[in-house]
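The residues making up each chain are set out below.
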Amino acid sequence: MHLADVTSGRSVVISALGASPEAVTRLREIGLRPGVSVRVLQRSAFGAVVVAHGFSSVALDRETARSIAVESQ
Amino acid sequence: MTCPSCDAVRSSGPLGDASVLIVGNPNVGKSTLFNALTGSHQRAVNAPGTTLELTVGTWRLGGEAVGVADLPGTFSLDARSVDERAVADALDGADPHAVAVVVLDATALSRSLYLLAQVIGTGRPVVAALTMLDVARDRGLTIDARTLSRAVGVPVVTIDPRKRPGAAELAEPVSRALAAPRPTERARRAGPFAEADVVRWFAWVEGVMAQLPPEPPRRVTPSDRIDRVLLHPWVGVPVFLAVMWGLFEMCTRAAGPLISAIAAFAGGPVARAVSSGLGALGVGGGWFEGLLIDGVLTGLGVVLSFLPLLALVFTALGILDGSGYLSRAAVVADRAMRVIGLDGRAVLPLMIGFGCNVPAIEATRVLPHARQRLVAGLLVPYTSCSARLTVYLLLAAAFFPGSAGTVIFGLYLTSIVLVAVGGLAFRKFVGGKGEPERESLVLVLPPYQWPDLRTLWHSIAERLRGFVREAGVVIVIALVAMWALAAIPVRGGYALADVPIADSAFGVGARAAAPALAPLGLGDWHVAAALASGFVAKEVAVGALAETYAVDGQGRAPALTASLKETLSNTSRGHPRAAALAFMVFALAYTPCLATVAQMRRALGRRWTTIGIGVQLVVAWVLGALVFQVGRLL
C-alpha cells in the first residue's frame with residue numbers, strides 16, 4: 001500500500017521510501033522516515049496529500065505520495 | 001605563510017564580521033528573533049554568485065556592537081541545493097569565534113535537533129534557542145530547557161521572539177560562547193554527507209528525544225480546520241485563483257496611475273522649480289539644465305514613481321508569506337507550475353508581472369530554491385505588463401479598429417505561451433549545480449498566524465532601500481546616457497543639447513539600426529528610435545514616436561496615427577497591418593524597461609541579466625519577423 005492510497009483520517013506507518021534520492025533526503029530530514037507513524041489529514045487538489053507527523057503538517061505531491069510505502073497501524 | 005584570520009575574512013564574504021549566526025529550520029521565527037536583536041540596524045546582502053539573500057545587522061550586546069547574520073531557513077547542511085550550501089558555507093567560512101545560535105522549534109523538536117546535530121558537528125560554539133513553547137504547551141507538551149540542554153550538550157535558552165525581545169535571554173550564553181577559547185580544529189567538508197554520518201545523527205536525535213517527555217497525541221488545530229477549506233480539492237483552487245486575481249488587480253489598477261502621477265509630478269512642478277532655480281542662479285537654459293532635468297531628474301522621478309507600487313506589492317507578499325498562505329499556494333498550484341518546471345509559488349511573481357515587472361522580479365525571492373528564482377526571474381519579463389498595454393492600445397486602435405480587443409487578447413495569450421515555452425527552455429539550459437531540475441513537493445506547512453508587523457515592516461523598508469540604492473543608480477545613469485545621446489549633435493553643425501533628434505547621436509544610431517528591422521516590416525528610423533526609447537519604459541515608446549515625428553501637442557493622436565500608418569505602409573511595402581502586429585509582438589517580447597533591467601541585475605546578477613536581455617531581443621526579433629512574413633502573405 002502507498003501513502004497516495006490512504007483515505008483521509010487514517011493513520012499508517014511508513015515502511016519504505018522510494019522517491020528520487022533528493023526527495024528521500026528531504027523526507028528523512030523533515031522526519032518522514034521508515035517506522036514513523038503519520039496520519040493523512042487531507043487529500044488536496046491534483047492528488048497532493050497532507051499528512052500529520054507529530055505536531056506538523058507536511059504536504060506531498062502525488063508522485064512522492066505514491067513512492068512512499070506504508071503499512072496499517 | 002598562512003594567516004588564519006585573513007582566511008576567515010576572505011571566506012566570510014558578505015557576512016563581514018558577523019560573530020553571531022542565526023540558523024534554523026524554515027518558519028521557526030529566525031527573522032523575528034533577528035529583528036528583535038538588531039532593531040533597525042540591518043541590511044540585506046546577496047550571497048556571492050547566487051540569488052540568495054542574507055540579512056546582516058548589529059546587536060548591542062553588553063555595550064559592544066556584535067555583527068549578526070540571519071541565514072536562510074534550512075533542514076540540513078547537506079550541500080545539495082544552493083541555499084543549503086550557502087548556510088553550510090557561511091558556517092564553514094565565518095569568523096572562527098562566531099557563535100551559531102540554532103533556533104529550535106518546540107513543536108517539531110526532532111526535526112530541529114537533526115540540524116542542531118549537524119551544526120554542533122561543525123565544531124563551532126553553539127547556543128540553542130527554544131521557541132514555540134507556548135504553542136507546544138497549548139498542545140499539552142512541556143519541554144524543560146535544562147533537561148534538553150543536558151541531553152544535547154550545549155546551552156539552551158527559551159525565547160518567545162514574538163512577545164519578548166529574546167535579547168536578554170540570549171545575551172549571557174552568547175557572550176560566554178564568544179569569550180570561550182577559539183576552537184583549534186574545525187571540521188571542513190565538501191559535497192553531500194556520508195550515509196554513516198546521517199545515520200549517526202538520526203540516532204543522536206532519537207537518543208535526545210528519549211530523554212524528554214513523549215509527545216502527546218495530536219489534536220485537531222485551528223490550522224487543520226482552515227486547511228480543510230483552503231486545501232480542499234474543489235475550494236482550494238478557486239480561493240487561490242481569487243487571491244492571484246486580487247494581486248493582479250492591485251498591480252494593474254495601481255501601477256499605471258501611481259507611476260504616471262509621480263512621474264508627472266517630477267516632470268511638472270519639480271522640473272519647473274529646478275528650472276527657475278537654475279535661472280535664478282544664472283545657469284539656466286543651457287545643456288546643464290537639460291542634463292539636470294531631462295537626465296538626472298527624470299531618472300529620480302522613475303525611481304520614485306515605482307516606490308508606492310513596490311511598497312504595496314511587498315506588503316501583500318509579506319502578508320501572504322507571514323500568514324502561512326504562501327505554502328498552501330505552493331501546494332495548490334504545484335501541478336500547474338510543475339509542467340514548466342517551477343514551484344507552485346512561482347505563480348505569484350508571474351501574476352504580479354502582468355501588472356508590473358519591477359516588483360515581480362523582487363517577488364521571485366519568495367521561491368525556495370536558487371534555480372527556481374533564476375528561472376522565474378528570467379521569465380517575468382515575458383509577462384505582458386500594463387505599460388505594454390499602452391503600446392498595444394495605440395497600434396491596435398490605429399490598425400485594427402474593428403478587432404482591437406481580439407488583437408490585444410491574442411497578445412496576452414502570446415505572453416502566456418512565451419512564459420510556458422520559456423519555462424521549458426530555461427529548464428533545460430539553466431542549471432543549478434547539483435540541484436535537481438524540479439524538486440518533488442515535500443513541504444512543511446507552517447501553522448496559520450497573524451503576520452508579525454515588525455518583521456513585515458523591516459522587510460518592506462529593506463527592499464525599498466535596496467531598490468533605491470542599487471536599481472536607482474542604474475536607472476539614473478542610463479537616463480543620463482540616453483539624454484546625452486539625444487543631446488550630442490553628430491551632423492548639421494548644431495550646438496550641444498540644441499539639436500533636432502534626427503541629427504543627434506540617438507537619431508543617427510536609430511538610422512543605422514533601422515535596416516535590422518526590415519525583415520519585420522519596420523525598417524524605419526522613427527520606429528527604431530521608438531523601440532530604443534521603449535527600452536527605458538514601454539509607455540515612453542509612444543511618446544518617442546510622437547517626438548520623432550515632431551507632431552504638435554494639440555492634434556497628437558490623429559497626427560501620430562496618420563504618420564504611423566504612412567510610415568508602416570512604406571516600410572512594409574503595403575502590409576501595414578502585418579508590420580503593426582510585428583511591432584506589438586516585438587514590444588511584448590523585448591526588454592520591458594530600464595527599471596526591470598536594474599531589478600534583474602540586483603536579483604540575478606550581471607551575467608544572467610545580460611543573457612536574459614540577449615534572449616529577449618532574439619526572441620522579439622524572430623517572433624516579429626515571423627509575424628510579419630506570415631502576416632503579409634495573408
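A word on the overall build of chain A
When its secondary structure is counted, chain A shows 2 helices and 5 strands. Mapped from its N terminus to its C terminus, chain A presents α and β elements in the order β-α-β-β-β-α-β. Long-range contacts, defined here as pairs at least 24 residues apart, represent 55% of the contacts in chain A between residues at least 6 apart. Accessible surface, chain A as shown: approximately 2,600 Å² in total, 49% of it carbon and sulfur.

As for the interface of chain A and chain B
Every contact between the two is made by 32 residues of chain A and, on the other side, 39 residues of chain B. Both faces considered, chain A and chain B share a buried interface measuring about 3,200 Å² in area, 54% of it formed by carbon and sulfur atoms. Considering only the side of chain A, the residues that lose the most area to chain B are A:Arg26, A:Glu29 and A:Phe55, jointly responsible for 26% of the buried surface there. Scanning the region where chain A abuts chain B turns up 3 salt bridges. One salt bridge connects A:Asp61 with B:Arg338, and the closest N-O pair in it is separated by 3.3 Å. At the surface where chain A touches chain B, the tally comes to 15 residue pairs in polar contact (both at pLDDT 80 or more). Top element by residues in the side of chain A that touches chain B is helix H1 (residues 21-29) of chain A. It accounts for 7 residues. Residue classes in the side of chain A that touches chain B are distributed as 13 nonpolar, 9 polar and 10 charged. Here strand S4 (residues 56-60) of chain A runs beside strand S8 (residues 442-445) of chain B; their pairing, made up of 4 bridges, is antiparallel. Bridge assignment links A:Ala59 to a residue of S8(B), and that residue is B:Leu443.

Section: the pattern of salt bridges
Opposite charge on two side chains makes pairing possible when the charged atoms of those side chains draw close. Within the structure shown, the criterion is met by 21 salt bridges over all chains. Linking A:Glu29 and A:Arg26 is a salt bridge whose minimum nitrogen-to-oxygen distance equals 3.2 Å. Highlighted residues: A:Glu29 and A:Arg26, both in helix H1, separated by 3 residues, approximately one helical turn. Taking relative accessible area as the criterion, A:Glu29 reaches 2% and is therefore assigned buried. If you follow the salt bridges from partner to partner, you end up with B:Glu362, B:Arg365, B:Glu462, B:Arg463, B:Arg465, B:Arg469, B:Glu470 and B:Arg602 in one network.

Looking at the state of the cysteines
All names here are of chain B. Scanning the model with the defined rule gives 0 disulfides over all chains in all. The thiol of Cys-251 is not disulfide-bonded; the next cysteine sulfur, from Cys-356, is found 7.4 Å away. The thiol sulfur of Cys-356 is not disulfide-bonded, and the nearest other cysteine sulfur, from Cys-385, lies at 6.4 Å.

Looking at the pairing of strand S3 (residues 49-53) of chain A
Regular strands have side chains that alternate between both faces of the sheet. All names here are of chain A. Of all 5 residues making up S3, 5 are buried, and the element is well covered by its neighbours. A two-sided burial pattern is seen for S3, the buried positions comprising Val-49, Val-51 and His-53 on one face and Val-50 and Ala-52 on the other. Here strand S2 (residues 37-43) hands over to S3 after 5 residues, with Phe-46 in that stretch at a positive phi of 60 degrees. Relative to S4, S3 runs antiparallel, the two sharing 5 bridges. Counted as the bridge partner of His-53 is Ser-56 from S4.

Looking at the side chain of B:Glu362
Relative to the helices and strands, B:Glu362 resides in helix H15 (residues 357-363). Those residues in contact with B:Glu362 that lie beyond four places of it in its chain are B:Phe314, B:Arg463, B:Gln599 and B:Arg602.

Structural notes on the environment of B:Ala528
Residues and elements named next belong to chain B. Note that Ala-528 resides in helix H21 (residues 525-534). Remark: the alpha-carbon pair of Ala-528 and Ala-512, spanning 16 residues in sequence, is separated by 9.1 Å. Not counting chain neighbours up to four residues away, the residues in contact with Ala-528 comprise Ala-510, Ala-514 and Leu-517.

Let's talk about the sheet that holds S4(A)
Spatially, 6 strands are ordered S5(A)-S1(A)-S2(A)-S3(A)-S4(A)-S8(B) in an open sheet, and the strand pairing comes out antiparallel. Whereas interior strands pair on both sides, the edge strands pair on one side only; in this sheet they are strand S5 (68-72) of chain A together with S8 of chain B. Across this sheet, the average inter-strand angle for adjacent strands is 40 degrees, counted without regard to direction. Of the strand pairs in this sheet, strand S1 (residues 11-17) of chain A and S2(A) are connected by 3 bridges, and their pairing is antiparallel.

Things to note about the packing of helix H20 (residues 505-513) of chain B against H21(B)
Residues and elements named next belong to chain B. The geometry of H20 relative to H21 is characterised by a closest axis approach of 8 Å and an angle of 115 degrees between their N-to-C directions. It follows that H20 is roughly perpendicular to H21 by the angle criterion. Regarding H20 and H21, the two cross each other, and that crossing is right-handed. Seen from H20, the contacting residues are Phe-506, Gly-507, Ala-510 and Arg-511; seen from H21, they are Trp-525, Ala-528, Ala-529, Ala-532 and Ser-533. Tallied by class, residues from the contact of H20 with H21 come to 6 nonpolar, 2 polar and 1 charged.

Some remarks on H21(B)
Residue and element names in this part refer to chain B. Of all 10 residues in H21, 9 are buried; the element is thus mostly enclosed. All buried positions along H21 are accounted for by Trp-525, His-526, Val-527, Ala-528, Ala-529, Ala-530, Leu-531, Ser-533 and Gly-534. The opening residue of H21, the one whose side-chain oxygen lies 2.8 Å from the backbone nitrogen of His-526, is Asp-524.

What about the confidence of the model for chain A?
Confidence in the prediction of chain A, expressed as mean pLDDT, is 92, and 100% of residues score 70 or more. Ranking the elements of chain A by mean pLDDT puts H1(A) last, at 87, and S1(A) first, at 96.

Reading the values: rules and limits
- Residues numbered from 1 in each chain as written.
- Chains lettered and ligands numbered in written order.
- Predicted model: local features only at pLDDT ≥ 70, side-chain atom pairs only at ≥ 80, totals over all residues.
- Heavy atoms only, no water.
- Helix = DSSP H or I, 4+ residues; strand = E, 2+ residues; numbered from the N terminus.
- Contact = heavy atoms within 4.5 Å.
- Areas by Shrake-Rupley, 256 points an atom, 1.4 Å probe, with all protein chains shown as cover.
- Buried area = accessible area lost by both parts, 1.4 Å probe.
- Salt bridge = Lys/Arg side-chain N within 4 Å of Asp/Glu carboxyl O.
- Polar contact = N/O pair within 3.5 Å; in protein donor to acceptor, adjacent residues only side chain to side chain.
- Nonpolar A, V, L, I, M, F, W, Y, C, P; charged D, E, K, R; others polar.
- Pairing = 2+ DSSP bridges.
- Buried < 20%, exposed > 50% of the residue type's maximum accessible area, 1.4 Å probe, protein only.
- Disulfide = S-S within 2.5 Å.
- Axes fitted to C-alpha atoms, helices over the stretch in contact; angles between N-to-C directions.
- Parallel < 35°, antiparallel > 145°, perpendicular 65-115°, else oblique.
- Left-handed = near helix turned anticlockwise from the far one by under 90°.
- pLDDT = per-residue confidence, 0-100.

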